[in-house]
Amino acid sequence: MRYRFVILFLLICSLPAGAQSRDTILTRMNAVKLYPDCIYGYCALSSAEDSRAEALADLACRVEAFLKEKGFQHLRDLSQCPDGMVQTLVYTKGTDYFRTLVYVDKAALSQLESDLSRKNEAQGQYRAVSSLKERLAGVTTYGELEALLADKEVATSVLRGPLTFDTPQDYVDRGYLVYYDHKTSRILRVMTPRNDDGIRFDVKTGAPGHPRMAPQGEIEWICFKEPVKK
C-alpha cells in the first residue's frame, strides 16, 4: 500500500504547476502532507507574498527540528538549501486568498549534508596541507620532518620516498626535494616543486636552485595529494 501511495505522489508532483487546475493543486498539497518523506510548511493569507513568507518560516522551523533530530553537523537550517530544493504549491481563490505550501524532500536534505561534509573535509585538508608546506621551511632535522608528515590531518595526503633513478618523473617534477645528512639527520635544504619554467626554489630563502649547487647527502621527494579547493 505504501508503494502505491509513493507512486501516486510522484505522478501527481511531476505535473507542471502552471498546467494544473485548482483541484489538482489541492490534491498535490494533500499528497505532500501525507507523504512521510517530505517536510512541509503551510499558510493561508490574503497576500500572496505574506502567505509564502509565513509558509517558509513554518518550513524552516520543521526543517531545523529534523536536522537536530538526525544530528546533522554541517547542514544547520533551510537557508543553506540551494535554489530549487524547496518546492512551492499555491492555491488561489479570488484575489484575496492564497493558500501556500512549501516542502522539501528528506532524502535531499540528507544528500546535502553528505555533500557539505565532504566539502568541509576537503577544505580542512587543503588548509592543513597548505600549513604543512609553510612549516617545511622551519624543519632542521629529519626527525622533525617525520613528525610533521605524520600529522593525522595530512598523513593520508602525503606521498614520499627516496629520490632514485626509478622515481616517477611526475613525482620528481611536482615534489618537494629534501636534502639531508644521513649520519646527523640534519636537514640541509628543502626545495620547492618545479615551476612552469622548471625552476625550484629554496623554501627557506626563496633563492632559485641549480643542480650543480645542490648539497651533498640523501634526497627525499615529497608530494601531496591535494583536494580541490572550493
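Here is a short report on the structure shown in this document. Counting from 1, residues in each chain are numbered in the order their sequence is written. Only residues with pLDDT of 70 or above have their local features reported here, since the model is predicted, and side-chain atom pairs are shown and tallied only from 80 upward, although totals for entire chains, interfaces and linings are computed over all residues. Working from all heavy atoms in the structure, the side-chain values ignore hydrogens and water.

## Focus: the overall build of the chain
And step 1. In DSSP terms, a helix is any run of H or I states spanning at least four residues, a strand is any run of E spanning at least two, and both are numbered starting from the N terminus. Along the chain, the regular secondary structure elements total six helices and seven strands.
And step 2. When the helices and strands of the chain are listed from N to C terminus, the series reads α-α-β-α-β-β-α-α-β-α-β-β-β.
And step 3. Relative to its full complement of 230 residues, the chain shows a buried share of 32%.
And step 4. Contact between two residues is taken to exist if any of their heavy atoms lie within 4.5 Å; hydrogens are not considered. Within the chain, contacts between residues separated by at least 24 positions form 60% of all contacts whose residues are at least 6 apart in sequence. Here's how the labels work: a residue is buried when its accessible area is under 20% of the maximum for its type, exposed when over 50%, partly exposed in between, all with a 1.4 Å probe on protein chains only.

## Overview of the sheet that holds strand β7 (residues 218-224)
And step 1. Strands sit in the order β4-β7-β5-β6 across an open sheet of four strands; the sheet is antiparallel. Taken across any chain shown, the strands that pair with only one partner, and hence form the sheet edges, are β4 (158-162) and β6 (187-191). Across the sheet, the axes of successive neighbouring strands diverge by a mean angle of 20 degrees, strand direction being ignored. Being paired, for any two strands, means DSSP has found at least two bridges between them. The angle between two axes is taken between their N-to-C directions and runs from 0 to 180 degrees, where each axis is a line fitted to C-alpha atoms and a helix contributes only its stretch in contact.

## Points about the sheet that holds strand β2 (residues 87-92)
And step 1. If you trace the three strands from one edge of the open sheet to the other, you get β1-β3-β2, paired in antiparallel fashion. Among the strands making up the open sheet, the edge pair consists of β1 (38-45) and β2. Averaged over neighbouring strand pairs, the angle between their axes works out to 15 degrees when direction is ignored.
And step 2. Set on the sheet, helix α2 (residues 22-34) makes contact with β1, β2 and β3 (98-105); between it and β2 the angle comes to about 135 degrees.
And step 3. Against the sheet, helix α4 (residues 106-135) touches β1 and β3, its axis set at about 50 degrees to β3.

## Observations regarding the side chain of Glu220
And step 1. Along the chain, Glu220 turns up in strand β7.
And step 2. Polar contact criterion, stated in full: a pair of N or O atoms within 3.5 Å, where within protein one must be able to donate a hydrogen and the other to accept it, and residues adjacent in sequence count only if both atoms are side-chain atoms. A polar contact of 2.6 Å, which involves the side chain of Glu220, links it to the side chain of Arg160.
And step 3. Sequence-distant contacts of Glu220, that is, excluding residues within four places in its chain, are made with Tyr142, Arg160, Gly161, Pro162, Leu163, Tyr176, Leu177, Val178 and Tyr180.

## Remarks on unusual backbone geometry
And step 1. Phi at Ser185 takes a positive value of approximately 65 degrees, unusual for a residue other than glycine.
And step 2. Counting through the fold element by element, Ser185 comes out in the loop between β5 (176-180) and β6.
And step 3. Among the residues examined, Ser185 registers a relative accessible area of 29% and is labelled partly exposed.

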